[in-house]
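Structural characterization, general
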Amino acid sequence: MHVERPPNALSFYYAAFRALYSWLKKNGRTNILGFKDCNGDTALHLAASTNQPQVLKRLVRRTNVREKNSAGLTALGIVRQLPAHVNGISARSILETRENETTLFGFILPLNDKNSFSEAVIEISEFIERGMPGELRNTFLVVTVLIATAAYQGVLSPPGGFNQGNNGNTIINTNVTNYNTTTTSSFDASGKAVMSKKDFYSFMAYNSGALAFSLGAIVFLIPFAWVRGFIPAIPVCVSLVYLLSGYVTALNVISPLDVNKTKELQLFIILTFIVFVLSKILVLCISRRRLRSRRTTSTRPETP
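Calculation rules
Residues numbered from 1 in each chain as written. Predicted model: local features only at pLDDT ≥ 70, side-chain atom pairs only at ≥ 80, totals over all residues. Heavy atoms only, no water. Helix = DSSP H or I, 4+ residues; strand = E, 2+ residues; numbered from the N terminus. Buried < 20%, exposed > 50% of the residue type's maximum accessible area, 1.4 Å probe, protein only. Contact = heavy atoms within 4.5 Å. Areas by Shrake-Rupley, 256 points an atom, 1.4 Å probe, with all protein chains shown as cover. Axes fitted to C-alpha atoms, helices over the stretch in contact; angles between N-to-C directions. Parallel < 35°, antiparallel > 145°, perpendicular 65-115°, else oblique. Left-handed = near helix turned anticlockwise from the far one by under 90°. Nonpolar A, V, L, I, M, F, W, Y, C, P; charged D, E, K, R; others polar. Patch = residues over 30% accessible without salt bridge, like charges linked within 9 Å, V, L, I, M, F, W, Y side chains within 5 Å. Salt bridge = Lys/Arg side-chain N within 4 Å of Asp/Glu carboxyl O. Expected span 1.5 Å × (residues − 1). Arc of directions from axis to C-beta.

Some words on the overall build of the protein
Within the protein, the secondary structure is distributed over 10 helices and four strands. Seen in sequence order, the protein has helices and strands lined up from the N terminus as α-α-α-α-α-β-β-α-α-β-β-α-α-α. Expressed as a percentage of the 304 residues in the protein, the buried residues total 36%. A sequence separation of at least 24 residues applies to 65% of the contacts in the protein between residues at least 6 apart. On the protein, roughly 19,000 Å² of surface is accessible, and the fraction owed to carbon and sulfur atoms is 59%.

Listed below in structure tokens is the structure:
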């Protein structure tokens with residue numbers, strides 16, 4: 001028996017790829033497209049090396065176009081090295097257009113379209129949650145931890161140090177009231193920062209912002225995945241809350257500012273961190289809901 005070969009092998013392979021791509025998209029597993037083989041190539045690199053523009057059009061929306069393989073080449077670099085007899089103009093145009101767009105981690109951020117922008121934010125969150133390579137995640141975590149460490153050190157050892165003991169740094173205020181009664185109140189400045197109030201406020205505003213943003217970035221970078229009925233990220237987040245509480249307490253102890261100004265700084269860092277946490281929770285809820293809807297759609301029987 002003679003089995004006839006498909007007249008167009010590329011069309012046959014593209015149909016198979018499209019079916020697999022649709023399944024991955026419905027089940028929220030498109031991060032698999034970013035996995036690398038032994039040569040460091042992703043699906044995007046392989047599609048570029050075989051000059052498949054139709055496949056590239058789909059892959060560029062779900063993978064990092066700036067990802068490099070073991071040879072240090074991006075998908076665009078591979079297309080540029082194709083032999084002269086291969087017409088790679090279409091593939092090159094797709095990749096060049098994608099690389100020139102405003103991207104983060106290779107994902108497009110269409111700032112003019114609110115719906116598309118929200119979708120892009122969810123995609124980036126899903127990438128951070130499940131698709132970010134471990135090496136890249138560890139690099140970001142190391143940087144954010146270093147920033148948080150330096151910022152926390154700022155409240156433990158502010159520039160200029162602290163006033164030491166009651167060595168003339170005590171501020172005495174004398175008020176004369178009615179009935180010729182003199183009331184004297186004193187404020188012991190020992191243990192307070194020696195910086196002027198204006199400089200202290202500016203320094204701590206910047207320092208507190210650095211700490212809040214770095215702790216918030218840590219919350220965003222750690223994956224909230226279930227491991228045998230437990231989420232390992234929760235103890236980390238609780239530790240960050242305690243760390244932030246210690247910073248706020250230390251700030252209250254060393255601050256030479258009046259109560260209202262000190263509370264402004266404390267509220268600033270607390271609210272900034274809370275915004276990061278709430279944003280993470282919101283994005284996780286939306287992402288989980290999308291994933292459940294995709295699975296429901298994929299398992300729902302088709303109506304005749």
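The rest of the description comes next.
Observations concerning the packing of helix α7 (residues 134-156) against helix α9 (residues 233-254)
The interhelical angle for the contact between α7 and α9, taken along N-to-C directions, is 30°, at an axis separation of 9 Å. Considering the angle they form, α7 stands roughly parallel to α9. Considering how the two elements wind past one another, α7 and α9 form a crossing that is left-handed. Residues Ala-151, Tyr-152 and Val-155 of α7 form the contact with α9, whose own contacting residues are Leu-243, Gly-246, Tyr-247, Ala-250, Leu-251 and Ile-254. Residues of the contact of α7 with α9, tallied by class, amount to eight nonpolar, one polar and no charged.

Focus on a nonpolar patch on the surface
The grouping of Leu-267, Ile-270, Leu-271, Ile-274, Leu-278 and Ile-281 at the surface amounts to a nonpolar patch, some 520 Å² of accessible area in total. Inspection of the secondary structure puts Leu-278 in helix α10 (residues 259-299). Judged by relative accessible area, which is 52%, Leu-278 ranks as exposed.

So, the pattern of salt bridges
Scanning the model with the defined rule gives two salt bridges in all. One salt bridge connects Glu-67 with Lys-36, and the closest N-O pair in it is separated by 2.7 Å. Remark: Lys-36 occurs in the loop between α1 (9-26) and α2 (43-49) and Glu-67 occurs in the loop between α3 (53-59) and α4 (75-80); sequence separation between them is 31 residues. You can call Lys-36 partly exposed: its relative accessible area is 43%. The salt bridge involving Arg-80 is made with Glu-96; its shortest N-O contact spans 3.4 Å. A residue pair is termed long-range when its members are at least 10 positions apart, and Arg-80 in helix α4 and Glu-96 in helix α5 (residues 89-100) qualify at 16 residues. Exposure remark for Glu-96: the relative accessible area of 28% places this residue in the partly exposed category.

A word on the environment of Lys-25
When you line up the elements, Lys-25 lands in helix α1. In this structure the C-alpha to C-alpha distance between Lys-25 and Arg-62, which are 37 residues apart in sequence, comes to 9.3 Å.

What to know about unusual backbone geometry
One non-glycine residue, Asn-51, adopts positive backbone phi at about 55°. Here Asn-51 is to be found in the loop between α2 and α3.

Regarding α5
Taking 1.5 Å per residue, 12 residues should reach 16 Å; α5 reaches 16 Å between its end C-alpha atoms and fits that length. Residues of α5 that are buried include every one of Ala-91, Ile-94, Leu-95 and Arg-98, and no others. Relative to the axis of α5, the buried residues are bounded by an arc of 90° and lie together on one face. Counted as exposed and oriented over 90 degrees from the buried face of α5: Ile-89 and Asn-100.

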